[in-house]
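Summary of structural features
Each chain is listed here by its residues.
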Amino acid sequence: DSTLLSDHPNYLFRDMRLDSHGKSIISGDSMYVFRTRDIRVNLPQKRISLDSITVTPRYPRKLFFKKARKQTDRVTVYGKSIDFHNFDFATLLKKKVFHVGDVNLNNFNVLFERDKHYPLSDSTQPMPIKMLREIPYKFSADTVKINKGFVSYYEYEKKSLNPCIFFIDNFNIYFLNV
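On a predicted model such as this, the values are computed, not experimentally measured, just so you know. (Residues numbered from 1 in each chain as written. Predicted model: local features only at pLDDT ≥ 70, side-chain atom pairs only at ≥ 80, totals over all residues. Heavy atoms only, no water.)

Across all of its chains, the model carries seven aromatic pairs by this definition. Grouped by ring-pair contacts, the aromatic residues Y32, F64, F65 and Y118 constitute a single cluster. Lying across the ring of Y156, R61 places its NZ or CZ 3.8 Å from the centre. Sitting above the plane of the F64 ring, R74 keeps its charged end 5.6 Å from the centroid. (Phe/Tyr/Trp six-rings, centres within 6.5 Å; stacked < 30°, edge-to-face > 60°. Lys NZ or Arg CZ within 6 Å of the ring centre and 35° of its normal.)

Okay, the side chain of N42 next. When you line up the elements, N42 lands in strand β3 (residues 32–42). Judged by its relative accessible area of 16%, N42 is buried. Aside from chain neighbours lying at most four places away, what touches N42 is R14, D15 and R47. (Helix = DSSP H or I, 4+ residues; strand = E, 2+ residues; numbered from the N terminus. Buried < 20%, exposed > 50% of the residue type's maximum accessible area, 1.4 Å probe, protein only. Contact = heavy atoms within 4.5 Å.)

Here the focus is the pattern of salt bridges. All chains considered together, the criterion is met by nine salt bridges. The salt bridge partner of D38 is R40, with a shortest N-O separation of 3.3 Å. For D38, a relative accessible area of 3% gives the class buried. One salt bridge in this structure joins D115 and R61, with 3.7 Å as the shortest N-O distance. Note that D115 is positioned in strand β7 (residues 109–115) and R61 in helix α2 (residues 61–68), a separation of 54 residues in sequence. Among the residues examined, D115 registers a relative accessible area of 6% and is labelled buried. The exposure class assigned to R61 is partly exposed, which follows from its relative accessible area of 22%. Through salt bridges with shared partners, a single network forms among R17, D19, D38 and R40. (Salt bridge = Lys/Arg side-chain N within 4 Å of Asp/Glu carboxyl O.)

Structure below.
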């Protein structure tokens, strides 16, 4: 019963560590692989941690865009850790809302690539916020922090031998009431 979780100190479990043993999850479109070294949950401390997170394309750049057949972004993500503090497990069970006080994304590197040698898509792709709203569990956080982040964008133009590169290095960002 979920009321035990919020009204009583007897938790379903206290500490849990899930070691992935090198296993990965392939995205629904088969273009990406998600990996994390381990997931740690501590209910008394209301904390969840993911260690060594990666989202990587399954194919080298040229093959990825060839398979996509239209202009799209190819994204690669590497992160040292994600820490969720003040996680409310009872709210997740009762209201299907994943609420946390703080989210810390530590040492995240995100690389975006776009190859303009391919035609634009005829269909309109949903914006990320629209896709997030379709998830049956909602997410909210009082604060989201990106610590020591790095973002780069590579655009391969038809007329150029080398890509246009834009990057932001070693930045910290705080988002409130996400």
